[in-house]
Amino acid sequence: MISESAPDPEDPKPRKPSSGVLVLTVCSAAIGGTFQYGYNISIINSPTGHIQGFINATYIERRGSGLDAPRVTLLWTLIVSAFSLGGLTGALLAGPMAVCFGRKRSLLLNNSFLFLGAALALTSRAARSFEMIVLARFLAGVNSGVSMNVQPMYFGESAPKHLRGAVAFSSAVFTAFGIFLGQVVGLTELLGTDALWPHLLASNALPGMIQLLTLPWFPESPRYLLIDRGDERACVRALARLRGGVAPVGEMEEMLQEQRQQKVTASKPGSAVTPWALFVDPDLRPQLRTVMAASSAMMLCGNDSIYFYASYIFLAARIPPGKIQYASIGTGASEFAASIVSNLLIERVGRRRLLVGGYSLMSGWAVVFTVALMLQGRGVAGMPYLSMACVFGYILSFGIGPAGVTGILPAEIFDQATRPAAYMVAGSLMWINLFLIGMAFPFIISGLGNFCFLPFGGVCVASAAFLGLTLPETKGRTLAEITADFDEMRRGKKRGRQEEEEEEEEEPRKENYQLGKASSFPALEEETDS
């Protein structure tokens, strides 16, 4: 079967291996995938005042009286957090969808949530219903939740080993691009006006339409075709297209070996592992623990909440209101630039260094930001701009490592059978923590004041320490090699516990021996003398 993919020696024009199809596949999948996540978390910030005014006006029409500021803020927080709840729903749907429909088809079907949400957002003003905005944001979240899990899976399974990190990291590049473009489109000179904000919220349908028209022309994940569906011919065809006409023999052998291992352990190529099975399997606990910590830290560090509440942060830093929308664009541009740089570095520096280094830098910026806010409160000149620079530095540091590396980890440290379940666990934790931080962020800013970023700095310190101790380097390594590292760590900890237990058991023995040596023989001598 593998020989079918070898080039024909009689072909007068043999094709050279090319990654053109792979690049186009990445662009097509990402423009309607993780791009949507970044785009949807940024477009909601610009029309904040307009939507809050719409909520109040609608309430006056219904009840005859307006809402006070805290209740308006609460309803606004509900609109913002609906996106996170939808993302959690999408993360739970992503695993079953990826197994049942495949990676590519799941991304295509996922656009149905997006189009329905866009229609609701576009007609919400005419219907005089802010509840439709809540539902529209929920459906946009479902779309993002599915794509944030399925797209890295698709990329990780389609890329060659030496490009796996760079291809998977492109998810973060498109997320950052979506954030930046959403901020630009949300300018008051474009769609960020009181008359056009419904069109701004519905503009996410355009990237979805682009994906719907282009992605069907590109191949499915070769690993899914072989290991999940058991279709070796389709796998060879897909792999040949992604590699420029030739399916590498070594890569096919590696996939066939993984398929054989799957058959031995799970007996059927299409059998999926549930998230609960990951928790009860002691062999997978180190990997699961690492992914859970990385996924939680990605949201608990507070970076993505900055885009939801950028206006609050820059107002707290006393940036002039007229300049806030341009400062917000700077945050998106910072992460976009950092993600591009990191995409170039990931195969040279490695995943572990980028992840630990990113969180270490973020913790430093959180401390500097806190000091800047304190000095600003005492009237020190120039501190508002230092505060804004700290926010940019925080986002840059996030884009260098955590933004992209976190999404790669489940694809690199779990096998084909456990990967969808691992992404379900990781995605669920990401969205739950984003929801909690999204709800708490305004109250953290108002309650802690100048110290609002210290909790996030603490999360960054703890994350850098934990991941530095538990995550092996995965750059350019096979799944078997990475799994061996985790097994070695687990055996080392087990040996350490056994040695401690043996030492604890040995200490009472030594004490008994010393007692016998000190007291037993003199007692016998006394009995003999008597």
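Residues numbered from 1 in each chain as written. Predicted model: local features only at pLDDT ≥ 70, side-chain atom pairs only at ≥ 80, totals over all residues. Heavy atoms only, no water.

Novice: Can you walk me through helix α15 (residues 285–300) in this structure?
Specialist: In an α-helix, one turn spans 3.6 residues, which is why side chains three or four residues apart end up on the same side. Taking 1.5 Å of rise per residue, the 16 residues of α15 would be expected to cover 22 Å, and the 22 Å separating its terminal C-alpha atoms lies within 8% of that figure. For α15, the set of buried residues is P286, Q287, L288, T290, V291, A294, S295, S296, A297, M298 and M299. Positive phi appears at G302, one or two residues downstream of α15, with a value of about 85 degrees. (Helix = DSSP H or I, 4+ residues; strand = E, 2+ residues; numbered from the N terminus. Expected span 1.5 Å × (residues − 1). Buried < 20%, exposed > 50% of the residue type's maximum accessible area, 1.4 Å probe, protein only.)

Novice: Help me understand the nonpolar core, please; the structure alone is not making it clear to me.
Specialist: Note that soluble globular proteins tend to have their nonpolar side chains buried in a common cluster. With 66 residues, the main nonpolar core has Y37, L278, Y359, Y394 and F414 as its most contacted residues. A total of twelve residues in this core trace back to one element, the largest contributor, which is helix α22 (residues 419–448). In this view, Y359 contacts A294, A297, M298, C301, P402, C460, S463, A464 and L467; residues no more than four positions away in its chain are not counted. Counting 48 residues, the second-largest nonpolar core is a separate cluster that includes F35, V146, F174 and A411. (Core = buried A, V, L, I, M, F, W, Y, C linked by side-chain atoms within 4.5 Å. Contact = heavy atoms within 4.5 Å.)

Novice: When you look at the packing of aromatic side chains in this model, what are you seeing that I'm missing?
Specialist: For any pair of aromatic rings, geometry is given as the distance between the ring centres together with the angle between the planes. All told, the structure shown has 13 aromatic pairs when counted by the stated rule. Measuring from centroid to centroid gives 5.4 Å for F177 and F336, while their planes differ by 35 degrees, and the two rings are tilted. Taken together, the residues span a long stretch of sequence, with F177 in helix α8 (residues 164–185) and F336 in helix α18 (residues 324–349) at a distance of 159 residues. Look at F177 and you get partly exposed, because its relative accessible area is 27%. Seen in terms of ring centroids, F453 and F456 are 5.5 Å apart; in terms of plane orientation they differ by 70 degrees. Their pairing is edge-to-face. For the residue pair F453 and F456, the accessibility class agrees, reading buried in each case. Taken together, the ring pairs in this structure connect F35, Y39, F177, F180 and F336 into an aromatic cluster. (Phe/Tyr/Trp six-rings, centres within 6.5 Å; stacked < 30°, edge-to-face > 60°.)

Novice: Please clarify how the environment of F130 should be interpreted in this entry.
Specialist: Structurally, F130 is set in the loop between α6 (111–127) and α7 (131–158). Here F130 falls in the buried class, since its relative accessible area comes to 9%. Taking the C-alpha atoms as reference points, F130 and I79, separated by 51 residues in sequence, lie 8.7 Å from one another. Setting aside anything within four residues of it in sequence, one finds F130 in contact with F54, I55, T58, R62 and L75.

Novice: Is there a simple way to think about the side chain of S144 in this case?
Specialist: Examined against the element boundaries, S144 turns out to sit in helix α7. Setting aside chain neighbours within four positions, we find S144 in contact with Q36, Y37, N40, F83 and W431.

Novice: Just to check I follow, could you spell out the environment of M132 for this structure?
Specialist: Looking at the element boundaries, M132 is found in helix α7. On a C-alpha basis, the gap between M132 and I79 in space is 9.8 Å, while along the polypeptide they are 53 residues apart. Excluding its chain neighbours within four sequence positions, the residues that come into contact with M132 are L120, T123, S124 and A127.

Novice: What am I meant to see in the packing of α15 against helix α23 (residues 454–470) here?
Specialist: For any two helices packed against each other, the geometry comes down to the angle between their axes and how far apart the axes lie. The N-to-C vectors of α15 and α23 enclose an angle of 160 degrees; their axes lie 10 Å apart at closest approach. As far as their axial angle goes, α23 and α15 are roughly antiparallel. Like other packed secondary-structure pairs, α15 and α23 cross with a definite hand, here left-handed. Side by side, α15 and α23 meet where R289, T290, A293, A294, A297 and L300 of the first sit next to F456, V459, S463, F466, L467 and T470 of the second. Residue classes in the contact of α15 with α23 are distributed as eight nonpolar, three polar and one charged. (Axes fitted to C-alpha atoms, helices over the stretch in contact; angles between N-to-C directions. Parallel < 35°, antiparallel > 145°, perpendicular 65-115°, else oblique. Left-handed = near helix turned anticlockwise from the far one by under 90°. Nonpolar A, V, L, I, M, F, W, Y, C, P; charged D, E, K, R; others polar.)

Novice: In this structure, what is going on with the layout of surface pockets? I would like to understand it.
Specialist: Rolled over the atoms, a probe sized like a water molecule indicates the empty space that remains. In this structure, the largest pocket encloses a volume near 910 Å³. In terms of lining, the largest pocket is formed by 38 residues, of which the most central are E258, Q261, D415, L479 and A480. (1 Å grid on protein atoms, 1.4 Å probe; cavity = no way out; pocket = protein on both sides within 12 Å on 5 of 7 lines; lining within 4 Å. Points joined across faces, edges and corners; volume = space filled by probe spheres on them.)

Novice: What exactly am I supposed to notice about a nonpolar patch on the surface here?
Specialist: Among the surface-exposed residues, V367, V371, M374, L375, V380, L448, F451 and L454 lie close enough to one another that they form a single nonpolar patch of about 600 Å² accessible area. Looking at the nonpolar patch, the element that brings in the most residues is helix α19 (residues 351–377), giving four residues. (Patch = residues over 30% accessible without salt bridge, like charges linked within 9 Å, V, L, I, M, F, W, Y side chains within 5 Å. Areas by Shrake-Rupley, 256 points an atom, 1.4 Å probe, with all protein chains shown as cover. Salt bridge = Lys/Arg side-chain N within 4 Å of Asp/Glu carboxyl O.)

Novice: What exactly am I supposed to notice about the confidence of the model for the chain here?
Specialist: Close inspection of predicted coordinates is inappropriate in any region flagged by low pLDDT. Here the chain shows a mean pLDDT of 82. Residues at 70 or above account for 85%. Within the chain, no element has a lower average pLDDT than helix α24 (residues 479–529), which sits at 59, and none a higher one than helix α10 (residues 205–214), at 95. Segment residues 267–271 is flagged for pLDDT under 50; beyond a separation of four residues in sequence, or across chains, it makes nine contacts in the model. Counting contacts from residues 513–530, a segment whose pLDDT is below 50, to residues more than four positions away or on other chains yields two contacts. (pLDDT = per-residue confidence, 0-100.)

Novice: Would you mind going over empty space enclosed by the protein with me for this structure?
Specialist: Per the stated rule, a full pass over the model turns up two cavities of 30 Å³ or more. By volume, the largest cavity is sized at about 240 Å³. Forming the boundary of the largest cavity are 24 residues, of which M148, M298, A403, G407 and M430 lie nearest the centre. Put simply, the parts of the chain that give the lining of the largest cavity at least two residues each are α2 (34–43), α7, α8, α15, α21 (402–413) and α22. Of all the elements, α21 adds the most residues to the lining of the largest cavity, at six residues. Counted by class, the lining of the largest cavity contains 13 nonpolar, nine polar and two charged residues.

Novice: Whenever I open this one, the packing of α2 against α8 confuses me. Can you help?
Specialist: Here α2 crosses α8 at 35 degrees, and the two axes come no closer than 7 Å. Remark: the crossing between α2 and α8 carries right-handed chirality. Where α2 approaches α8, its residues T34, F35, Y37, G38, Y39, I41, S42 and I43 are matched on the opposing element by S171, F174, T175, F177, G178, I179, L181, G182, Q183 and V185. Class assignment for the residues of the contact of α2 with α8 results in ten nonpolar, eight polar and no charged.

Novice: I would appreciate a short explanation of helix α4 (residues 69–101) in the present structure.
Specialist: Counted at 1.5 Å a residue, the expected span for α4 with its 33 residues is 48 Å, and the 46 Å between its end C-alpha atoms agrees. At A94, α4 shows its largest bend, some 35 degrees, and a proline, P96, comes one to four positions later. Two residues or fewer after α4 comes G102, characterised by a positive phi angle close to 90 degrees. (Bend = angle between axes of the 7 residues up to and from the residue.)

Novice: Looking at this model, I keep getting lost on the pattern of salt bridges. Mind explaining?
Specialist: Pairing between side chains of opposite charge can happen when the charged atoms of each approach one another. One pass over the structure, following the stated rule, counts ten salt bridges. Here E131 ties to R62 by a salt bridge, and the two come within 2.8 Å at their closest N and O atoms. Taken as a pair, E131 in helix α7 and R62 in helix α3 (residues 48–63) lie far apart in primary sequence, 69 residues in all. By relative accessible area, which is 36% here, E131 ends up partly exposed. Here R243 makes a salt bridge to E251, at a shortest N to O gap of 2.6 Å. For the pair shown, R243 and E251 are each scored as buried.

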